[in-house]
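Notes for the structure review
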Amino acid sequence: CNLIRPLRLSLQLGTGEKLDLYSWLCMSLLFSTLWGQATPQCPDSCHCAWETATVLCSDAGLREIPEGIPPETISLHLERNYIRNIPESTFSHLVHLRDLYLSHNRIDSLSSGALRHLGPDLRLLDLSHNQLRQASREEFGSTRAKTRLYHNPWHCDCTLQELMETLNLEPETVNGIICESSVRGEHAGQPLVKLLDSGVNFCSLQRKTTDVAMLVTMFVWFFMVIVYVVYYVRQNQAEARRHLEYLKSLPSPRKTPTETDTLSTGF
């Protein structure tokens with residue numbers, strides 16, 4: 001207000017009273033400052049629709065989740081960016097979030113618990129069209145939101161199978177979850193759901209693989225023990241032969257004349 005102190009003009013009011021222009025400008029400035037502090041701030045490169053609590057960050061060239069997302073956000077759009085990973089607890093403050101759109105990014109990893117803190121009100125989680133190869137139940141937590149995971153280069157194994165059995169997958173897109181690779185090569189290029197429906201159990205395959213690996217390990221260990229025992233026995237035999245040959249090579253003790261005479265007299 002010191003900057004506008006020279007402007008001490010007066011306004012004539014309808015009742016004949018006068019309002020100091022200096023006081024009026026100070027009150028306006030104070031009101032604007034308080035209003036700016038009360039109004040939530042929208043993250044950079046995003047557009048916020050306060051009436052619907054929607055934050056639009058689509059096609060913004062983002063390489064990471066923006067900071068400063070208002071906690072009142074209900075719908076968050078982050079699709080069509082260059083985001084590569086989701087750090088842990090990124091959305092933990094968005095307790096009212098219902099729709100989370102993360103499709104068409106470059107997400108190839110989820111931090112442990114990255115989506116665990118999403119609130120119970122979440123209705124839709126879209127992670128389609130990304131670079132995800134592996135994911136586990138620990139990363140998604142207990143969310144029951146309708147989930148989209150299609151168009152990702154999935155590696156089908158027991159961990160992914162357990163995740164599929166836990167999530168509430170969107171029925172319309174579930175056939176788009178394709179195994180780009182798997183623990184067994186013949187499953188590559190096939191929809192994961194159809195493989196599971198046909199009786200394929202990646203967890204049993206993994207257990208069989210583990211059992212075979214354990215058997216191979218035990219066989220190698222047993223073979224090494226046998227080789228060591230044979231080597232030890234042969235080394236002992238060779239040492240015993242050398243010792244015996246050494247004893248044979250020693251000269252036998254000769255009898256002295258005194259001992260010979262004593263023996264003769266005795267007889």
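Bear in mind that the values here come from a model prediction, so they are computed numbers and not experimental data. (Residues numbered from 1 in each chain as written. Predicted model: local features only at pLDDT ≥ 70, side-chain atom pairs only at ≥ 80, totals over all residues. Heavy atoms only, no water.)

**Thoughts on the nonpolar core**
The following threshold applies: Definition used in this section: a nonpolar core is a set of buried Ala, Val, Leu, Ile, Met, Phe, Trp, Tyr and Cys residues joined via side-chain atoms within 4.5 Å. Residue exposure (1.4 Å probe, protein chains only): buried if accessible area is under 20% of the type maximum, exposed if over 50%, otherwise partly exposed. Each helix corresponds to a stretch of at least 4 residues labelled H or I by DSSP, and each strand to a stretch of at least 2 residues labelled E; elements are numbered beginning at the N terminus. Only heavy atoms matter for contacts: two residues are in contact if any of them lie within 4.5 Å across the pair.
Ranked by size, the top nonpolar core spans 43 residues in total, and within it F91, L115, L127 and F140 carry the most contacts. Listed by contribution, the elements that provide at least two residues to this core are β11 (154-156), α3 (158-166) and α4 (192-197). If one sorts the elements of this core by residue count, α3 sits on top with 3 residues. For L115, the residues in contact, after removing those within four places along its chain, are I86, F91, L110, L125, L127, E139 and F140.

**Regarding the packing of aromatic side chains**
Short version of the rule: Here a Phe, Tyr or Trp ring, Trp counted by its six-membered ring, pairs with any other such ring whose centre lies within 6.5 Å, and the pair is stacked when the planes are under 30 degrees apart, edge-to-face when over 60, and tilted otherwise. In this scheme, Lys NZ or Arg CZ marks a charge over a ring once it lies within 6 Å of the ring centre and within 35 degrees of the ring normal.
Here the structure, examined in full by the defined rule, presents 0 aromatic pairs. Geometry around Y82 places R63 over its ring, the cationic atom sitting 5.3 Å from the centre.

**So, the UniProt feature "domain: LRRNT" (unreviewed entry) in the protein chain**
To keep it simple, the criterion reads: UniProt positions are given in the numbering used here, feature names are shortened, and annotations may be inferred rather than shown by experiment.
UniProt tags residues 41-75 as "domain: LRRNT" (unreviewed entry). The annotated region residues 41-75 carries 0% helix and 20% strand content, and the separation between its end C-alpha atoms amounts to 16 Å.

**Overview of the state of the cysteines**
We apply this condition: Disulfide: a pair of cysteine sulfur atoms within 2.5 Å of each other.
The full count for this structure, using the stated rule, is 4 disulfides. The disulfide bridge from C46 ends at C57, spanning 2.0 Å between sulfur atoms. Given an S-S torsion of about 110°, the disulfide between C46 and C57 has right-handed geometry. Taken together, the residues span a long stretch of sequence, with C46 in the loop between α1 (21-38) and β3 (47-49) and C57 in the loop between β4 (54-56) and β5 (75-77) at a distance of 11 residues. Exposure class is identical for C46 and C57. Each is buried.

**Digging into the pattern of salt bridges**
What counts is decided by this rule: Here, a salt bridge means any side-chain nitrogen of Lys or Arg that lies within 4 Å of a carboxyl oxygen of Asp or Glu.
Within this structure, the stated rule accounts for 6 salt bridges. Its salt-bridge partner being D108, residue R84 comes within 3.6 Å of it at the nearest N-O pair. Here R84 is found in the loop between β5 and β6 (85-86), whereas its partner D108 is found in the loop between β7 (99-101) and β8 (109-110), with 24 residues between them in sequence. A relative accessible area of 44% places R84 in the partly exposed class. If you follow the salt bridges from partner to partner, you end up with D126, R148 and E170 in one network.

**Considering a nonpolar patch on the surface**
This is how it is decided: A residue counts toward a patch only above 30% relative accessible area and without a salt bridge, and it is joined to like-charged neighbours within 9 Å or, for Val, Leu, Ile, Met, Phe, Trp and Tyr, to nonpolar neighbours within 5 Å. Shrake-Rupley sampling with a 1.4 Å probe provides the accessible areas, and residues are treated as covered by the protein chains on show and by no other component.
The grouping of W221, V225, Y228, V229, Y231, Y232 and V233 at the surface amounts to a nonpolar patch, some 760 Å² of accessible area in total. As for its position among the elements, V225 is in helix α5 (residues 202-249). The class of V225 is partly exposed, set by a relative accessible area of 32%.

**Things to note about the environment of S58**
Basically, it comes down to this: Nitrogen and oxygen atoms within 3.5 Å of one another constitute a polar contact, given that in protein one can donate a hydrogen and the other can accept it, and given that sequence-neighbouring residues count only through two side-chain atoms.
Relative to the helices and strands, S58 resides in the loop between β4 and β5. For the pair S58 and L102, spaced 44 residues apart in the sequence, the C-alpha separation amounts to 9.2 Å. Setting aside chain neighbours within four positions, we find S58 in contact with H77, E79, R80 and N81. A polar atom in the side chain of S58 sits 3.4 Å from the side chain of E79.

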